Amino acid sequence: MPKLTRRAALQTAVASTVALPTLLPREAIGQQRPSELKIGISTFLSGPASVFGVPGRNAADLLIDQFNRAGGIGGVPIRSIVIDEAPGVDFLLGECRRLVQNEGVDVMLASISSGSCLAVAPLAEQLRMPTILWDCGTQRIFEEASYRYCVRTQANAVPEIVAPLLYVAKVKPDFRTLAVLNQDYAWGRDSWAIWKAAMDAVKPGVRVVAELFPRFGATDFSTEITRLLALRPDVIFSTSWGGELDTFIRQAAERRLFERSTFVLPLAESSLERVGKTLPEGVIVGGRGDHWFLHPTAKDTQILKDFTAAYRQRFNLYPIYPTFHMAQALYGLKAGYEKAMAANGGAWPSREQLMDTMRGLQFAHLTGTMTIREDGQGLEPMLIGMTKHVNEYPFPVIDRMVMFPPELTMNPVGTKGLDWVRLLTPASVQRAPAEIPYRA
Amino acid sequence: MDRRLALPAFAGAALVIALAASAPWLKFVFTIALAKGLAVTGILLLLRAGQVSFGHALYIAVGAYTVAFTRPHVGEMLLLLPLAAAAGTIVGLAVGLFVARYRDIFFGMLNLAFSMVFYSLLEKLYEYTKGTDGIRVARPTIAGMALERVDYEWTMLIGGIALALALGWLASRFLASPLGQALPAIKTRETRLEFAGISAKRVLLVAYVISAALAGLGGGIIACTTLHVTPLLSYWTHSGELVFIAILGGGGSVLGPYLGAIVYELVRVYAAAAFPDGWQMILGAVLLLIILFAARGLWGIYEDLVLRKGRRA
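Residues numbered from 1 in each chain as written. Chains lettered and ligands numbered in written order. Predicted model: local features only at pLDDT ≥ 70, side-chain atom pairs only at ≥ 80, totals over all residues. Heavy atoms only, no water.

This paragraph deals with the packing of helix α2 (residues 26-48) of chain B against helix α10 (residues 200-226) of chain B. Residues and elements named next belong to chain B. Direction vectors running N to C along α2 and α10 enclose 170°, while the axes themselves pass 7 Å from each other. With respect to α10, the element α2 is oriented roughly antiparallel. Here the contact of α2 with α10 is composed, by residue class, of 17 nonpolar, seven polar and one charged. (Axes fitted to C-alpha atoms, helices over the stretch in contact; angles between N-to-C directions. Helix = DSSP H or I, 4+ residues; strand = E, 2+ residues; numbered from the N terminus. Parallel < 35°, antiparallel > 145°, perpendicular 65-115°, else oblique. Nonpolar A, V, L, I, M, F, W, Y, C, P; charged D, E, K, R; others polar.)

See the structure below:
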């Protein structure tokens, strides 16, 4: 007897644990207004890129709470399900399937890593899953394929690199030598390829004195800094981010590299609060788009002030660019649903109606308005500026800001970014808008 | 085949199919798990000889990238998978000739080194591999048929189960053969093996090449399932994952790797669903519990609870 019960108990235990997924399945139903809008969010919750992933997730939590207090989207409350993209593509794709086929997610906000986005987009297409690419930067996505169910609510690597190039060409027109120090992975290589091609077109004759690609995750840059000190390039370009950028800034400041060369750090907005005033004045910084918590045209708007205050109160940090990218994705999604519903006579839109509306959509977010192009690519200006130390903040703020419009920095539909940047001319620099000074 | 293995094997296969039928998203998770199970079977062979490889993700990546690179020229899965296994075999032979001379920590660390060299190459040869962005794999045809997504996923899962059963059976035959029996001898006392006139190095090399071929095949299946390969496949955490699965499943049986792989993937999925911020803790706790209270892994628990009691009664 005991034999039977034990085996039975074991089998029941095993069966019930493993059968758990079958108890839950729910199929997403189109057209009918759902009782809640489920948004699956993939982001980095672990690993080095969690410096972006966690602020992004935090922004989603905060904004979804705010949206829900104001009645959600079209009266439907939002619920988010967050998944970690750190373990790699095989895990992430399994998780996406789970969210879509088991949790019955209505929309996916996909990924920080470009590799993740490149893998998720085709899957979203197969699953007919409305997907917003909320932070990944590669321009390859919409250049190499066209997707019906994917849009991107932010710019991509091309304007993110072209804008700081035009900026440095404008504020330091006489630079003749340049060195690059990028992380040795896809983004580091891609961004350098774009910069190099664009620089040869915009400022032909600039000599590249060093191409340094320390390994991804490096914690010591003393060799690189020694070489840069010896080479004395006029400009040092680095698209590094996170812990590596922080370390590089600290070590470079320690050895006074900032005094010899002008730094161009297109992602440094996300490091400002962490490195503090170690980062000297006069460094060219950007934040991958048209956003900053002291955005020149939006800083006095109630919506941005409230957001920054609420974000600071809840997480004790200033918002950085991934928070704004997440906000753009959520505001874009809300605008898309509302417009599609209005066009649909107030009825809940189907997935296809939603995605058709998202294309060509113009929407307001925390720091401005932006549009989504017909190929799904978002168009937003690029805010680039120079660091300045002020008394109000314990870290540098951005001064001499230029907002590069997408017409100047983004390749048109149907062209490849890397080919398009070669068509830029020295005249492109003159077309940059006027500088906006920092004001308290 | 041993009835004590055949019964749970077929019952397990049926259970996997039943679960996948009721929850469609599990098809993908199970296919990946079975592919990893293949690689872990290779780890198991080496474990029999007392050797732990911390670098077998190398062969998974070799298999996966073989598929990714040949896919533009070869559109047939029945060719792609053997190619992946062949690539695993060739690289396994080249590396094996070297590492089979070493034992224990040296064996493990050398394997780790090779896999990380390959990882760096995949990252650095950006022009060819697209770096960490990875390479997209177009969905191949299966026996000349271009299948739709759902049919394709089913075919991959059923094919994976069939491969797992067939190769699991072969692996158990191999372990029962004189060559397979020589593996535990490497673990207990290698000198005796040499005195018996058997080259320990060659025995280990054969096991190593088999394990590389299995992992290459597993990598091929992963590439054909995820349809996107990235260098992360050969990163050391993925090698560690294979060893983790081997310990979780238990080395006592060729079913252990598949049991371990499926439980591992399910634990990870549910841990990630319940605790998106701390799923690694759950996995770590599971591994600790297994090490502390069930050193022979899940298969060991199964043996204790079902087989032993059954025999005694």
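Let us now look at unusual backbone geometry. The phi dihedral of Arg-128 of chain A is positive, around 55°, even though this residue is not glycine. Structurally, Arg-128 of chain A is set in the loop between α5 (114-127) and β4 (131-133). Arg-128 of chain A gets classed as partly exposed once you look at its relative accessible area, which sits at 40%. In this structure, Asp-104 of chain B is a non-glycine residue whose phi angle is positive, near 55°. Turning to its location among the elements, Asp-104 of chain B is positioned in helix α5 (residues 104-124). (Buried < 20%, exposed > 50% of the residue type's maximum accessible area, 1.4 Å probe, protein only.)

For the rest of this paragraph, the subject is the state of the cysteines. Disulfide: a covalent bond connecting the sulfur atoms of a pair of cysteines. Counted by the stated rule, this structure contains one disulfide over all chains. Free of any disulfide, Cys-224 of chain B has its nearest neighbouring cysteine sulfur in Cys-96 of chain A, separated by 20 Å. (Disulfide = S-S within 2.5 Å.)

A word on the confidence of the model for chain B. Residue and element names in this part refer to chain B. Scored by pLDDT, chain B has a mean of 87; 97% of the residues are at 70 or more. For chain B, per-element mean pLDDT is lowest for helix α14 (residues 297-312), which scores 74, and highest for helix α3 (residues 57-70), which scores 93. Under the prediction, the complex receives an ipTM of 0.80, its pTM being 0.84. (pLDDT = per-residue confidence, 0-100.)

Before going further, it helps to examine the packing of aromatic side chains. Residues and elements named next belong to chain A. Under the defined criterion, the tally for this structure stands at 34 aromatic pairs over all chains. Their ring planes at 40° and their centres at 5.9 Å tell us that Phe-248 and Phe-263 sit as a pair that is tilted. Taken together, the positions of Phe-248 in helix α10 (residues 242-254) and Phe-263 in strand β9 (residues 262-265) put the pair 15 residues apart, joining distant regions of the chain. An identical accessibility class is assigned to Phe-248 and Phe-263; each is buried. The ring centre of Phe-175 lies 5.3 Å from the NZ or CZ of Lys-203, which sits over that ring. The ring of Phe-67 carries Lys-334 above its face, with NZ or CZ at 5.3 Å from the centroid. (Phe/Tyr/Trp six-rings, centres within 6.5 Å; stacked < 30°, edge-to-face > 60°. Lys NZ or Arg CZ within 6 Å of the ring centre and 35° of its normal.)

Counting 129 residues, the largest nonpolar core has Ile-141 of chain A together with Leu-26, Phe-30, Tyr-152 and Val-229 of chain B as the members making the most contacts within it. If sequence neighbours within four positions are ignored, Val-229 of chain B has contacts with Ala-64, Tyr-65, Ala-68, Gly-134, Ile-135, Val-137 and Ala-223 of chain B. (Core = buried A, V, L, I, M, F, W, Y, C linked by side-chain atoms within 4.5 Å. Contact = heavy atoms within 4.5 Å.)

Reports often express the size of an interface as the amount of accessible area lost when the parts come together. The interface is formed by 44 residues belonging to chain A together with 41 residues belonging to chain B. On inspection of chain A and its partner chain B, the count reaches five salt bridges. The closest approach of N and O atoms between Arg-140 of chain A and Asp-133 of chain B, which form a salt bridge, is 3.7 Å. The tally of links between chain A and chain B comes to nine residue pairs in polar contact (both at pLDDT 80 or more). (Salt bridge = Lys/Arg side-chain N within 4 Å of Asp/Glu carboxyl O. Polar contact = N/O pair within 3.5 Å; in protein donor to acceptor, adjacent residues only side chain to side chain.)

So, about the sheet that holds strand β5 (residues 150-152) of chain A. Residue and element names in this part refer to chain A. In space, the five strands of this open sheet follow the order β2-β1-β3-β4-β5, with parallel pairing throughout. Pairing within the sheet leaves two strands with one partner each, and these edge strands are β2 (78-84) and β5. Geometrically, the sheet is characterised by an average inter-axis angle of 20° between neighbouring strands, direction not taken into account. Where strand β3 (residues 107-110) and β4 come together, three bridges link them in parallel fashion. Note on β4: the bridge partner recorded for Ala-110 is Leu-133. Docked against the sheet, helix α3 (residues 50-69) engages β1 (37-43) and β2, running at close to 170° with respect to β2. (Pairing = 2+ DSSP bridges.)

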